[in-house]
Amino acid sequence: MAEINLRQVSKTYFAATPVRALDSVDLDIAEGDFVALLGPSGCGKSTLLNILAGFEDASEGSALIDGGAIGKPGPDRGVVFQEAALFPWLTVWENVVFGPKMQGVPRADYEDRAREMLATVGLTDFAGSYPAQLSGGMRQRVGIARVLVMRPRALLMDEPFGALDAQTRMAMQELLLTVWEKLNTTVVFVTHDIDEAILLAGRVCVMTARPARIGREIPIALPRPRSIDDLTTPEFTRYKAEIMAEMRSAHRQAESTAA
Amino acid sequence: MSDTSVKQAAGRPAGLAAPGSRALGSTLPAIILSSNLGQLLLALILPVSVIAIWQLSGTNGSLFGGVLPTPDRVVAAWWTWAFGATGMGLNPYSGTWLANVVFSTQRVAQGFLVAILVGVPAGIWIGWSRLGAQVLDPTVQILRPIPITAWLPFSLAVFGISGFSAIFLIALGAFYPIVINTTQGARHVERNLVRAALMMGAGRFDILRRVVLPAALPAIFTGLRIGLGIGWTAVIVSEMIAVKSGLGYVLWDAYYVGRMDVVIADMVSIGVMGLLSDQLILLVERWALSWRLAGAR
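Owing to the predicted nature of the structure, the values given are computational and were not obtained by experimental measurement.

Novice: Please provide a residue-by-residue account of the interface of chain A and chain B, values included.
Specialist: The partner chain B presents 19 residues to the 25 residues of chain A that form the contact. Between chain A and chain B, a total of about 2,000 Å² is buried, with carbon and sulfur atoms accounting for 73% of that surface. Our count for the contact surface shared by chain A and chain B stands at 1 salt bridge. The residue Glu56(A) makes a salt bridge to Arg195(B) at a minimum N-O spacing of 4.0 Å. On the surface where chain A and chain B come into contact, there are 2 residue pairs in polar contact (both at pLDDT 80 or more).

Take a look at the structure:
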């Protein structure tokens, strides 16, 4: 479990014309929080996640995890990618134990946990399959299992269900809720889907477009455990209306500054 | 894809086609032609007719006034070359076929192995690291336009009349396609795969061995197949001039003494060896890249 603190984090890409992707982002995530970063595609929310993961450096500001500066990518921050990013030449089992193996964990210490995580995501019978033999949803479940096996202090998820069809996506959301309610890991979840953000997160951060900034943070007080049945409650709809209004005003702001 | 359609077509009894179904590919000739036997027959039409015409237009076992022997003479020459008694003064080639095939194949194998051992790591380094590209790539690009045949005198001067001359040329010729294809493969590794490996705690060497190398493998195999073809070219050229054994040596020697039947039997032998070695690579490729085909199963 981890606490994450971002102070005035900015990111500028220096090209022919410098692009400012992130502008003075402040964000505090407490241990065990589930935070959704919600914003339009290409608004820079993935950049923020990449900084947390250590894939990219912030141009300005400080990014801390448990009080220490975020360094290179590592198993303490498990990343779930949009397209799963499994190694196609490894079987499901080999993909899941890749992390512990790289970290030099003795086989006896990770095998049971790997088996347990495969069972959690319902893929015990597919341990010997290659990613090419799996559906998109199954691949993403492997992507989640291989990260959970490492007992990360934080889960960083970059539109992990964005490429899935609506039904699979709902099943994956329920799966993630179940897993998270059991493990209570800190989660940062990037999405452009309002329903998904409300359903999963304890707090939704609405991001403005180019340069991305965190507009407003909306705590979601829906009781847990949640399920997809919550999608149709009046409370849910109220949150949705509030967030949509927020996104619209953020969009207008971006338009007027661009003009 | 085409494989499954062949199976489906072959599996449906021709006489039981649904009435009125005259869809493309379900007529009797189409079914016969799309079966494995049919494919073989189609492939054989051209070579069989060429050989037949060649045979029938010869008189007294040769064409063009004795220059070109007919196929039956070539087969007879090959038979003596392959199974004749050795050490008979009358026919210096008798019984030496297998030994020469082994000489050439051995050289190709040795040179090819050197090309792989140098070309794959070099290609990974050029494709993966900017430093590697800056250090190695310009040299490779400058040397590459020099055809391996142009290296022959150099090779002779350095290694003399020996098998090393041939191995050097084979290794050099096979090196270029291997290094270039490996470079392409290593350069286009999906970024998120590398990030995923870093996130799971993989070190620099692990990334190269467990991510970049397997990701580049399909491209590497393309390079291996092209490289092996060039390896056979190189072995024949160098044996014609720089070595006193092997299929290339026999080819040139037989030409000098006017044994065109042996020349042609030799050419066919080279072709068959090239085909067999390519099939061997394909077999290894299918095994090594089985994860790619997994979805189609």
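Novice: Give a detailed account of the domain arrangement of chain A, specifying residues and quantitative values.
Specialist: All names here are of chain A. Under the domain assignment, chain A is made up of domain 1 (4–76 + 155–258) and domain 2 (83–151). Just the C-alpha atoms count here: the centres of domain 1 and domain 2 sit 25 Å apart. Listed per partner, the contact involves 13 residues of domain 1 and 12 residues of domain 2. Summing the contributions of domain 1 and of domain 2, the shared interface buries around 1,000 Å²; its carbon and sulfur component is 81%. The largest per-residue losses of area from domain 1 upon contact with domain 2 belong to Pro75, Met172 and Leu175, which jointly make up 38% of the total buried on that side. On inspection of domain 1 and its partner domain 2, the count reaches 0 salt bridges. For the pair domain 1 and domain 2, the number of links is 1 residue pair in polar contact (both at pLDDT 80 or more). Residue assignment for the side of domain 1 that touches domain 2 shows that the elements contributing at least two residues are β7 (154–158) and α6 (166–183). Ranked by the residues each element gives to the side of domain 1 that touches domain 2, the list is headed by α6, at 6 residues. Grouping the constituent residues of the side of domain 1 that touches domain 2 by class yields 11 nonpolar, 1 polar and 1 charged.

Novice: I'd like a rundown of the side chain of Arg203(A), residues and numbers included.
Specialist: Residues and elements named next belong to chain A. Tracing the backbone through its elements, the reader meets Arg203 in strand β9 (residues 203–207). The exposure class assigned to Arg203 is buried, which follows from its relative accessible area of 14%. Residues in contact with Arg203, not counting those within four places in the same chain, are Leu27, Asp28, Ile29, Asp33, Phe34, Val35, Ala36, Glu217, Ile218, Pro219 and Ile220.

Novice: So, the nonpolar core: which residues are in play, and what are the values?
Specialist: Core analysis: the largest hydrophobic core is formed by 152 residues, its most contacted members being Leu37(A), Phe87(A), Val204(A) and Ile243(A). The element best represented in this core is helix α10 (residues 204–241) of chain B, accounting for 13 residues. When neighbours within four sequence positions are excluded, Phe87(A) is seen to be in contact with Asn95(A), Phe98(A), Pro131(A), Arg146(A), Leu193(B), Ala197(B), Met200(B) and Val211(B).

Novice: Describe the side chain of Thr186(A), with residues and values.
Specialist: All names here are of chain A. Structurally, Thr186 can be placed in strand β8 (residues 186–191). Relative accessible area serves as the criterion here: at 0%, Thr186 is assigned to the buried category. Side-chain polar atoms of Thr186 contact the backbone oxygen of Ala2, separated by 2.7 Å. A distance of 3.0 Å separates a polar atom in the side chain of Thr186 from the backbone nitrogen of Gly32.

Novice: Pulling in residues and values, what's your account of the UniProt feature "domain: ABC transporter" (unreviewed entry) in chain A?
Specialist: Here the UniProt-annotated "domain: ABC transporter" (unreviewed entry) positions come out as residues 4–234 of chain A. Summarising residues 4–234 of chain A: 31% helix, 26% strand, and an end-to-end C-alpha distance of 32 Å.

Novice: Can you explain the UniProt feature "domain: ABC transmembrane type-1" (unreviewed entry) in chain B? Please cite residues and give values.
Specialist: Per the UniProt record, the feature "domain: ABC transmembrane type-1" (unreviewed entry) sits at residues 101–281 of chain B. As a span, residues 101–281 of chain B carries 85% helix and 0% strand, and end to end its C-alpha atoms are 18 Å apart.

Novice: Give me the domain arrangement of chain B: which residues, what numbers.
Specialist: For an interface, size is often stated in terms of accessible area lost upon the parts coming together. Structurally, chain B comprises domain 1 (1–17 + 28–40) and domain 2 (97–296). Between domain 1 of chain B and domain 2 of chain B, the C-alpha centre-to-centre distance is 38 Å.

Novice: Let's hear about the sheet that holds strand β4 (residues 60–65) of chain A: which residues, and what values?
Specialist: All names here are of chain A. In space, the 4 strands of this open sheet follow the order β2-β1-β4-β5, with antiparallel pairing throughout. The open sheet has two free edges, formed respectively by β2 (19–29) and β5 (68–69), since each of these has just one partner strand. Bridge analysis of strand β1 (residues 4–13) against β4 gives 5 bridges, and the strand direction is antiparallel. Paired with Asn5 across the strands is Leu64, a residue of β4. In the packing of helix α1 (residues 45–53) onto the sheet, the strands contacted are β1, β2 and β4, and the crossing angle to β1 comes to about 120 degrees.

Novice: How would you explain the UniProt feature "transmembrane region" (unreviewed entry) in chain B if you had to name every residue and give the values?
Specialist: All names here are of chain B. Listed under "transmembrane region" (unreviewed entry) in the UniProt record, and renumbered for this structure, are residues 37–56, 76–99, 111–128, 148–179, 211–242 and 262–284. The distance from the first to the last C-alpha atom of residues 211–242 is 42 Å, and the span holds 97% helix and 0% strand. Between the end C-alpha atoms of residues 262–284 there is a gap of 33 Å, over a span that is 100% helix and 0% strand.

Novice: Before we move on, could you go through helix α8 (residues 163–187) of chain B and cite the residues and values that matter?
Specialist: Residue and element names in this part refer to chain B. Taking 1.5 Å as the rise per residue, α8 with 25 residues should run 36 Å; its terminal C-alpha atoms sit 36 Å apart, in good agreement. At Phe175, α8 shows its largest bend, some 30 degrees, and a proline, Pro177, comes one to four positions later. Of all 25 residues making up α8, 19 are buried, and the element is well covered by its neighbours.

Novice: Explain the packing of aromatic side chains to me, using residue names and the numbers behind them.
Specialist: Counted according to the given criterion, the structure contains 19 aromatic pairs over all chains. Taking the centre distance of 5.6 Å and the plane angle of 80 degrees together, the rings of Trp78(B) and Trp97(B) count as edge-to-face. Separated by 19 residues along the polypeptide, Trp78(B) in helix α4 (residues 71–83) and Trp97(B) in helix α5 (residues 97–128) bring together distant segments of the chain. Given a relative accessible area of 19%, Trp97(B) falls into the buried group. On the numbers, 5.7 Å between centres and 65 degrees between planes, the contact of Phe175(B) with Tyr176(B) is edge-to-face. Across this residue pair, the class does not change: Phe175(B) and Tyr176(B) are buried. One Lys or Arg, Arg146(A), reaches over the ring of Phe87(A) and ends 5.9 Å from the middle of that ring.

Quick notes on the rules
- Residues numbered from 1 in each chain as written.
- Chains lettered and ligands numbered in written order.
- Predicted model: local features only at pLDDT ≥ 70, side-chain atom pairs only at ≥ 80, totals over all residues.
- Heavy atoms only, no water.
- Contact = heavy atoms within 4.5 Å.
- Buried area = accessible area lost by both parts, 1.4 Å probe.
- Salt bridge = Lys/Arg side-chain N within 4 Å of Asp/Glu carboxyl O.
- Polar contact = N/O pair within 3.5 Å; in protein donor to acceptor, adjacent residues only side chain to side chain.
- Domains from an automatic or database assignment.
- Helix = DSSP H or I, 4+ residues; strand = E, 2+ residues; numbered from the N terminus.
- Nonpolar A, V, L, I, M, F, W, Y, C, P; charged D, E, K, R; others polar.
- Buried < 20%, exposed > 50% of the residue type's maximum accessible area, 1.4 Å probe, protein only.
- Core = buried A, V, L, I, M, F, W, Y, C linked by side-chain atoms within 4.5 Å.
- UniProt positions renumbered as here; feature names shortened; annotations may be inferred.
- Pairing = 2+ DSSP bridges.
- Axes fitted to C-alpha atoms, helices over the stretch in contact; angles between N-to-C directions.
- Expected span 1.5 Å × (residues − 1).
- Bend = angle between axes of the 7 residues up to and from the residue.
- Phe/Tyr/Trp six-rings, centres within 6.5 Å; stacked < 30°, edge-to-face > 60°.
- Lys NZ or Arg CZ within 6 Å of the ring centre and 35° of its normal.

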